[in-house]
Amino acid sequence: MNLGPLVGDVYRHAGALDSFVEESALPKPLLYLVLLRASQINGCVYCVDAHSADARQAGESDARLHSVAVWRESPFFTEQERAALAYTEAATRLSTDDVTDEIWDQAAAHFAEKELAALIVAVATINFWNRLAVSTRMTPPSYKP
């Protein structure tokens, strides 16, 4: 299903959330890692493809991109990035553990309040996009049949 033409206003409003996050003080490399990790968890091939390409275009290394799925075991990430990735996983999965006090405190220790607010919006927004793309089986931009 090509959802965009059917719900144009929804895309426009969600795009405003994307713009807010893009213009926030969050470091762009960190933002792309967050978007990629949430998309991996949600199984969104469209967004994994798109955000990997965005990150690579912004100068992200292949080693770091390939290690996002195993960031806990990888030596390639800063403490701030680890805090953001931990928050991303917890807020994306929203399982019985949810965003624990420990995860929240770790994120709050590495981000100013305004940055933390932007991180929350970024994770919520990518989860929204992932659900649209996965449920409508969107084809990745790089796919060439």
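Notes on the structure follow.

So, on to the overall build of the chain. Helix and strand content of the chain: seven helices and zero strands. Each helix and strand of the chain, ordered N terminal to C terminal, gives the series α-α-α-α-α-α-α. In terms of overall size, the chain behaves like a compact globule, its C-alpha atoms giving a radius of gyration of 15 Å where 145 residues would be expected to give roughly 15 Å. With respect to the principal axes defined by its C-alpha atoms, the chain has extents near 40 × 30 × 30 Å. Accessible surface computed for the chain: about 8,000 Å², of which carbon and sulfur atoms make up 57%. Averaging the coordinates of the 12 positive side-chain charges in the chain and doing the same for the 19 negative ones gives two points 7 Å apart.

Further remarks concern the state of the cysteines. By the definition in use, this model includes zero disulfides. Lacking any disulfide linkage, C44 is separated from the closest cysteine sulfur, that of C47, by 3.4 Å. Here C44 falls in the buried class, since its relative accessible area comes to 2%.

Turning our eyes to something else, we now look at the packing of aromatic side chains. Counted under the stated rule, the structure contains three aromatic pairs. Seen in terms of ring centroids, Y11 and W129 are 5.1 Å apart; in terms of plane orientation they differ by 80°. Their pairing is edge-to-face. Highlighted residues: Y11 in helix α1 (residues 8-22) and W129 in helix α7 (residues 113-135), separated in sequence by 118 residues. A relative accessible area of 26% means that Y11 is categorised as partly exposed. We classify W129 as buried; its relative accessible area is 17%. When the ring of Y87 is compared with that of W104, the centres are 6.5 Å apart and the planes differ by 70°; the resulting orientation is edge-to-face.

What counts and how
- Residues numbered from 1 in each chain as written.
- Predicted model: local features only at pLDDT ≥ 70, side-chain atom pairs only at ≥ 80, totals over all residues.
- Heavy atoms only, no water.
- Helix = DSSP H or I, 4+ residues; strand = E, 2+ residues; numbered from the N terminus.
- Rg over C-alpha atoms; globule rule 2.2 N^0.38 Å.
- Areas by Shrake-Rupley, 256 points an atom, 1.4 Å probe, with all protein chains shown as cover.
- Lys, Arg positive; Asp, Glu negative; His and termini not counted.
- Charge placed at Lys NZ, Arg CZ, Asp CG, Glu CD.
- Disulfide = S-S within 2.5 Å.
- Buried < 20%, exposed > 50% of the residue type's maximum accessible area, 1.4 Å probe, protein only.
- Phe/Tyr/Trp six-rings, centres within 6.5 Å; stacked < 30°, edge-to-face > 60°.

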